[in-house]
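Each chain, written out:
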Amino acid sequence: MVINALFIALTFVATMFINIRLPIMGNGGLIHLGNVPLFIAALVYGKKTGAIAGAFGMGLFDLISGWAVWAPFTFIIVGTMGFVVGLIAEKVPGNRYLVNSLAIATALIIKVVGYYFAEVILYGNWIQPFGSIPGNILQVVIAGIIVVPLVGRLQKRV
């Protein structure tokens, strides 16, 4: 329970305070580092901790930061990202760097597709959500660049 609470807090804080709002899209947009603790939680502690950290950490951010309409979508999308990253890390054998990279690439697909359809639902427009895709990709790629080598070193020490 303590590990889950720690990663919820870390995900929330990294999302809340280490971010850049993007003025280029019609609906705004946000690039943040909340995916870093989310991916660490999932890769090191598994699918349940990853799902909990993502769903509650980023969902809480949405609720208190003026993005409340996004909270249910974030809860599901980011919770799924954390779960799938942890599941792949737990179940797929092989080189840990490659497996962790595959897990994060899968999370990228979940994020892009999930938020695309969330925007379609919220805005009733099939074109506008394409503007958010580059930011979503950048967000996960940056987190992956930070997390994969870091978790590789953490896993070697354990």
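Residues numbered from 1 in each chain as written. Predicted model: local features only at pLDDT ≥ 70, side-chain atom pairs only at ≥ 80, totals over all residues. Heavy atoms only, no water.

Moving on to the overall build of the protein chain. Of regular secondary structure, the protein chain possesses six helices and two strands. Beginning at the N terminus, the succession of helices and strands in the protein chain can be written as α-β-β-α-α-α-α-α. In terms of overall size, the protein chain behaves like a compact globule, its C-alpha atoms giving a radius of gyration of 15 Å where 158 residues would be expected to give roughly 15 Å. Evaluated residue by residue, the protein chain yields a buried proportion of 49% over its 158 residues. (Helix = DSSP H or I, 4+ residues; strand = E, 2+ residues; numbered from the N terminus. Rg over C-alpha atoms; globule rule 2.2 N^0.38 Å. Buried < 20%, exposed > 50% of the residue type's maximum accessible area, 1.4 Å probe, protein only.)

Counting residues in each nonpolar core, the largest one holds 34 residues, and the members touching the most others are Phe39, Leu43, Met81, Val85, Ile104 and Val147. Looking at this core, the elements with two or more residues in it are helix 1 (2-17), helix 2 (35-45), helix 3 (47-64), helix 4 (71-91), helix 5 (96-123) and helix 6 (133-157). (Core = buried A, V, L, I, M, F, W, Y, C linked by side-chain atoms within 4.5 Å.)

Together, Ile3, Leu6, Leu10, Val44, Tyr45, Leu138, Ile142, Ile146, Leu150 and Leu154 give the surface a local cluster of nonpolar side chains, amounting to about 760 Å² of exposed area. Element by element, the count of residues in the nonpolar patch is highest for helix 6, at five residues. Structurally, Tyr45 can be placed in helix 2. Tyr45 gets classed as partly exposed once you look at its relative accessible area, which sits at 44%. (Patch = residues over 30% accessible without salt bridge, like charges linked within 9 Å, V, L, I, M, F, W, Y side chains within 5 Å. Areas by Shrake-Rupley, 256 points an atom, 1.4 Å probe, with all protein chains shown as cover. Salt bridge = Lys/Arg side-chain N within 4 Å of Asp/Glu carboxyl O.)

Moving on: the packing of helix 2 against helix 5. For any two helices packed against each other, the geometry is given by the interaxial angle and the distance between the axes. In contact at an axis separation of 12 Å, helix 2 and helix 5 are set at 130 degrees when each is read in the N-to-C sense. One finds that helix 2 runs oblique with respect to helix 5. The handedness of the crossing between helix 2 and helix 5 is right-handed. Taking contact as the criterion, the partners of Asn35, Phe39 and Leu43 in helix 2 are, on helix 5, Asn100, Ala103, Ile104, Ala107 and Lys111. (Axes fitted to C-alpha atoms, helices over the stretch in contact; angles between N-to-C directions. Parallel < 35°, antiparallel > 145°, perpendicular 65-115°, else oblique. Left-handed = near helix turned anticlockwise from the far one by under 90°. Contact = heavy atoms within 4.5 Å.)

What follows concerns helix 3. Side chains of residues three or four places apart in an α-helix project in the same direction, reflecting 3.6 residues per turn. Between its terminal C-alpha atoms helix 3 stretches 26 Å, which fits the 26 Å expected from 18 residues at 1.5 Å a residue. Within helix 3, burial applies to Lys47, Thr49, Gly50, Ala51, Ala53, Gly54, Ala55, Gly57, Met58, Gly59, Phe61 and Asp62. Of the surrounding secondary structure, the elements contacted by the buried residues of helix 3 are helix 1, strand 2 (30-32), helix 2 and helix 4. Looking one or two residues beyond helix 3, the residue adopting positive phi is Gly66, at roughly 90 degrees. (Expected span 1.5 Å × (residues − 1).)

Aromatic ring pairs are defined here through the distance separating the ring centres and the angle between the ring planes. Under the criterion given, the structure shown has nine aromatic pairs. With centroids separated by 6.4 Å and ring planes inclined at 65 degrees, the aromatic side chains of Trp70 and Phe73 adopt a geometry described as edge-to-face. When its relative accessible area of 10% is taken as the criterion, Trp70 is described as buried. Look at Phe73 and you get partly exposed, because its relative accessible area is 21%. (Phe/Tyr/Trp six-rings, centres within 6.5 Å; stacked < 30°, edge-to-face > 60°.)

So, about the confidence of the model for the protein chain. Do not read the predicted coordinates in detail wherever pLDDT is low. When pLDDT is averaged along the protein chain, the result is 92, and 94% of the positions lie at 70 or above. Summarising per-element confidence for the protein chain, the mean pLDDT is lowest in strand 1 (residues 19-21) (80) and highest in helix 4 (98). (pLDDT = per-residue confidence, 0-100.)

This part covers the environment of Ile142. Residue position: Ile142 is located in helix 6. Between the alpha carbons of Ile142 and Val36 there is a distance of 8.6 Å; along the sequence they are 106 residues apart.

On to the side chain of Ser65. Tracing the sequence through the fold places Ser65 in the loop between helix 3 and helix 4. Looking at Ser65, the relative accessible area reads 18%, which means it is buried. Residues within four places of Ser65 in sequence aside, it is in contact with Met16 and Arg21.

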